[in-house]
Amino acid sequence: MKNPLLHIKDLPSFSDIDEAQIQPAIEEIIADNLKAIDQLLQQPEFTWENLIDPMNLIDDRLSKAWSPVRHLNSVKSNDKLRDAHNACLPLLSDYSSKISQNRALYEAIRSIVESGAFTDFNEAKQKSLHDALRSFRLGGVDLEGEEQIKFQQLQKDLSDLQSRYENNLLDATQSWQWLTDDENELEGLPDYALAMLKQSAEQKKLSGYRITLEMPSYLAVMTYADNRELRKRVYDAFCTRASDQGITDQKWDNASIMEDIVKKRREKAKILGFNSYADLSLETKMAESVDEVISFLRDLAARSRPAAQREASERQQYAESLGFVGDLEPWDYAYYSEKLKNHRFKFKEEDLKPYFSDRQVIEGLFKITGLLFDVTIEQSDETVDSWDDQVGFYLIKDAQGQIIGKFFLDLYARENKRGGAWMDECVNRYRINNHLQIPVAYLTCNLTPPIGYQPALFTHDEVITVFHEFGHGLHHMLTRIDEPDVAGINGVEWDAVELPSQFMENYCWQRDALETIARHFETGEVLPRELYNKMYDARNFESALQMLRQIEFALFDMLLFDNDEVESSAQIQQILEQVRNEISVLKTVPYNRFQNGFSHIFAGGYAAGYYSYKWAEVLSADAFSAFEEEGILNPETGQRFLSCVLQQGGSRPAMESFCCFRGRKPSIDALLRHSGIPQADALETV
Ligand code: ZN
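Quantities reported herein were computed from a predicted structural model and do not represent experimental measurements.

(A) Quick peek at unusual backbone geometry. Positive phi is not limited to glycine here, since alanine 242 has a value of about 55°. By the secondary structure assignment, alanine 242 is in the loop between α9 (228-239) and α10 (255-271). Given a relative accessible area of 2%, alanine 242 falls into the buried group. Its identity is not glycine, yet asparagine 416 carries a phi of approximately 65°, on the positive side. Relative to the elements of secondary structure, asparagine 416 occurs in the loop between β5 (403-412) and β6 (422-427). On the accessibility criterion, asparagine 416 (48% relative accessible area) is partly exposed.

See below:
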């Protein structure tokens, strides 16, 4: 029987994918690819046409086979599929390390860069080769003898340490629970939270209510539980996870693992010739230096602090007005914030939902996109093989009616579908031998599904999620770059990749845009102004406090991985405390071991990169402010954003694309304004 994964031409046929054929297909393609690379490297000299084109083709074949498997495993998982998927992961990581360690391939690409032909290449080709060489170098291909062995050992150790850190955190989190049969102890919790705690007990075959340290359970208690002792108990357990202060077993203490991670990352960076791990991390990012990031964070902090101080004291005063005596403690913050928010805005998310029906929101999204970027988006007439009846397949056409992108839209939560929302590539834009391959995206969300004959009604947050992912999708689909490594989101710096997605979110807050997005599903009435005003005012509630919290994490991350001396977990703690003293306006408790659970930077990809959240927000807010100046649906501004940013993909540095659009470098003013942080405050304090 023919294996359908081996030769995918256009779109994958999802219904033909047989779990048993997945691993053999991936093995066969990898073996073919390695053989092909060996053969390519036998050539006496190398050109774009005889090396890069064929390399791109074999990459494309692998990515077309793997993309539907990865996707199905996320949206329609079952045991067999998960096993087949997981069995392929080591094969793929082994394949990619074989390529990144292939010195002959590195030399071959370098010879193209050093050849006379290179200067005639377009910007995208040049950038894609430079990027390739850089990732070879960062993968240690340049190293010799002892150093190379050491480097490979460090890579292995680090991946092991990171997964141990994550596992400890998971085990410590899951080991703790608190049970009660007495509903009085849980006073204040809304019905949905009680139902969640009850279900959690039932799943463990227990009676009553079960509180855990999983995020939804933790947040529900911290936000709503009237019982202060209970809040403190849950807070204490949460902030000491995987530490020596832990209420749970200390065998999950991450302290020594953190020490090793910090030391080994530093060693790795030094072998590659960098001053620090932070320098290594920034090598592939838009920010140019550690100093630039640190002063960016400190500047943002200084401007946000006065507003944060005011927010904190308003919360304190409101708590006192309710009879609270003394200073609020960390386990009181979320609780009194929620009370103050309700008091001030008297506004329920539920009130908005009738205005955000699925059809209206999606139509509005397409209409706004069409106005801005001169495209039309329509459902495809052809029947396309997909993984569920609720999935739509759409075409994006340019002003001449040419199809320039396609996407699957899978909006609703469903069983066996991974949570969250994301955009993923199905097919990359790629031009070879005069054939143009049109990019295809998967846009996946987990929104409230329709019930019966009623349309699905979304919360405002859900609407924002759709716009966000669609922004990523536009980046992938509206690109005009023909080289797959730098087309769309490929080759875009990590700290700039959220620009288009966060940019699109802004439309969910604009009155003019809401005229098309938000109409009552029964009456067609536009979202009333009074409701809009409440929603808008609540947007920035305690935003300066949230801003400082993010800056605290980001600055700690940067200073830690830029430090040349840190050896012990006590020193790690010290850096965190210094940062808190400098940044935070709230107190914390001495036994708090936040760092032992900060998996973004110790186990995930955010090391010396946590600042990216704020960095990208500066870019998106500043980009949107051009629309505020010129008209939020101004097609000329839209065209400029399209041609300077969206179409360029990763074919040039993100800073160049930004400056092309804005005519200057990014400024933080728009972010502060959008966050409701008045800038006069900052001026008073400087
Ligand atoms: Zn995103």
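(B) Structural view of the packing of aromatic side chains. On inspection of all chains with the given rule, the structure shows 47 aromatic pairs. For the ring pair phenylalanine 594 and phenylalanine 598, a centre distance of 4.8 Å and an interplane angle of 40° mean the geometry is tilted. Judged by its relative accessible area of 4%, phenylalanine 598 is buried. Three or more aromatic residues joined by ring pairs make a cluster, and in this case those are Trp494, Phe553, Phe556, Phe594, Phe598, Tyr606, Tyr610 and Tyr613. For arginine 241, the ring lying beneath its charged end belongs to phenylalanine 238, and the centroid distance is 3.9 Å. One cation-aromatic arrangement involves arginine 511 over tyrosine 532; the distance from NZ or CZ to the ring centre is 5.3 Å.

(C) Broad picture of helix α15 (residues 460-477). An ideal rise of 1.5 Å per residue puts 26 Å on 18 residues; α15 measures up with 25 Å between its terminal C-alpha atoms. Most of α15 is tucked away, with 16 of its 18 residues classed as buried.

(D) Structural view of the pairing of strand β1 (residues 177-180). Covered by surrounding structure in β1 are Trp178 and Thr180 only, the residues Gln177 and Leu179 on the alternate face being uncovered. Where β1 lies against strand β2 (residues 209-212), 4 bridges are found, and the strand directions are antiparallel. Bridging across to β2, glutamine 177 finds its partner in threonine 212.

(E) Structural view of the state of the cysteines. Inspection of every chain in the model, using the stated rule, returns 1 disulfide. Sulfur-sulfur distance for the disulfide between cysteine 644 and cysteine 660 comes to 1.9 Å. Disulfide cysteine 644-cysteine 660: the torsion about the S-S bond is -65°, which places it as left-handed. Note that cysteine 644 is positioned in helix α23 (residues 635-646) and cysteine 660 in helix α24 (residues 654-662), a separation of 16 residues in sequence. As a non-bridged cysteine, cysteine 88 has cysteine 426 as the owner of its nearest cysteine sulfur, 17 Å distant.

(F) Highlighting the nonpolar core. Counting 137 residues, the largest nonpolar core has Phe373, Phe407, Phe467, Tyr507, Leu560, Phe561 and Phe602 as its most contacted members. Among the elements that line this core, the one with the most residues is helix α19 (residues 543-562), at 12 residues. Leave out the neighbours within four places in its chain, and tyrosine 507 touches Ile368, Leu372, Phe467, Ala513, Ile517, Phe624, Phe627, Ile632 and Leu633. Core analysis: the second largest hydrophobic core is formed by 53 residues, Trp48, Ile58, Phe121 and Leu129 among them.

(G) Spatial organisation of the packing of helix α2 (residues 48-75) against helix α3 (residues 79-100). As a packed pair, α2 and α3 sit with axes 10 Å apart at the nearest point and diverge in direction by 145°. Crossing hand, α2 versus α3: left-handed. Across the interface between the two elements, Asp59, Leu62, Trp66, Val69, Arg70, Leu72 and Asn73 of α2 pack against Leu81, Arg82, His85, Cys88, Leu89, Leu92 and Tyr95 of α3. A per-class count over the contact of α2 with α3 returns 9 nonpolar, 2 polar and 3 charged.

(H) Broad picture of the coordination of the zinc ion. At the metal site, the zinc ion is ligated by His468 (NE2), His472 (NE2), Glu498 (OE) and Glu498 (OE), and these contacts range over 2.1 to 2.8 Å. Coordination at the zinc ion is irregular: its 4 donor atoms span angles of 51 to 140° at the metal. Sequence spacing among the residues donating to the zinc ion works out to H-x3-H-x25-E. In this pair, histidine 468 and histidine 472 are both assigned in helix α15, 4 residues apart and thus about one turn of the helix distant. For histidine 472, a relative accessible area of 11% puts it in the buried group.

(I) Here's a closer look at empty space enclosed by the protein. Throughout the structure, instances matching the rule amount to 2 cavities of 30 Å³ or more. Looking at the largest cavity, its volume works out to about 90 Å³. Taken together, His475, Val492, Glu493, Ala496, Leu499, Val645, Gly649, Arg652, Ala654, Ser657 and Phe658 make up the full set of residues lining the largest cavity. The dominant element in the lining of the largest cavity, judged by the number of residues it contributes, is α24, at 3 residues. For the lining of the largest cavity, a count of residues per class yields 6 nonpolar, 3 polar and 2 charged.

(J) Broad picture of the sheet that holds strand β3 (residues 376-379). In spatial order, the strands read β3-β4-β5-β9-β6; together these 5 strands make up an open sheet with mixed pairing. Bordering the open sheet on either side are β3 and β6, each of which pairs with just one other strand. Direction aside, the axes of adjacent strands within the sheet are offset by 25° on average. Examined bridge by bridge, β6 and strand β9 (residues 440-447) share 5 bridges and lie antiparallel to one another.

Calculation notes
Residues numbered from 1 in each chain as written. Predicted model: local features only at pLDDT ≥ 70, side-chain atom pairs only at ≥ 80, totals over all residues. Heavy atoms only, no water. Helix = DSSP H or I, 4+ residues; strand = E, 2+ residues; numbered from the N terminus. Buried < 20%, exposed > 50% of the residue type's maximum accessible area, 1.4 Å probe, protein only. Phe/Tyr/Trp six-rings, centres within 6.5 Å; stacked < 30°, edge-to-face > 60°. Lys NZ or Arg CZ within 6 Å of the ring centre and 35° of its normal. Expected span 1.5 Å × (residues − 1). Pairing = 2+ DSSP bridges. Disulfide = S-S within 2.5 Å. Core = buried A, V, L, I, M, F, W, Y, C linked by side-chain atoms within 4.5 Å. Contact = heavy atoms within 4.5 Å. Axes fitted to C-alpha atoms, helices over the stretch in contact; angles between N-to-C directions. Left-handed = near helix turned anticlockwise from the far one by under 90°. Nonpolar A, V, L, I, M, F, W, Y, C, P; charged D, E, K, R; others polar. Donors = N, O, S within 2.8 Å, 3.2 Å for Na, K, Ca; no water. Tetrahedral: all angles 85-135°; square planar, octahedral: opposite > 155°, others 65-115°. 1 Å grid on protein atoms, 1.4 Å probe; cavity = no way out; pocket = protein on both sides within 12 Å on 5 of 7 lines; lining within 4 Å. Points joined across faces, edges and corners; volume = space filled by probe spheres on them.

So, to be careful, I would describe these as geometric facts and stop short of saying anything about function.
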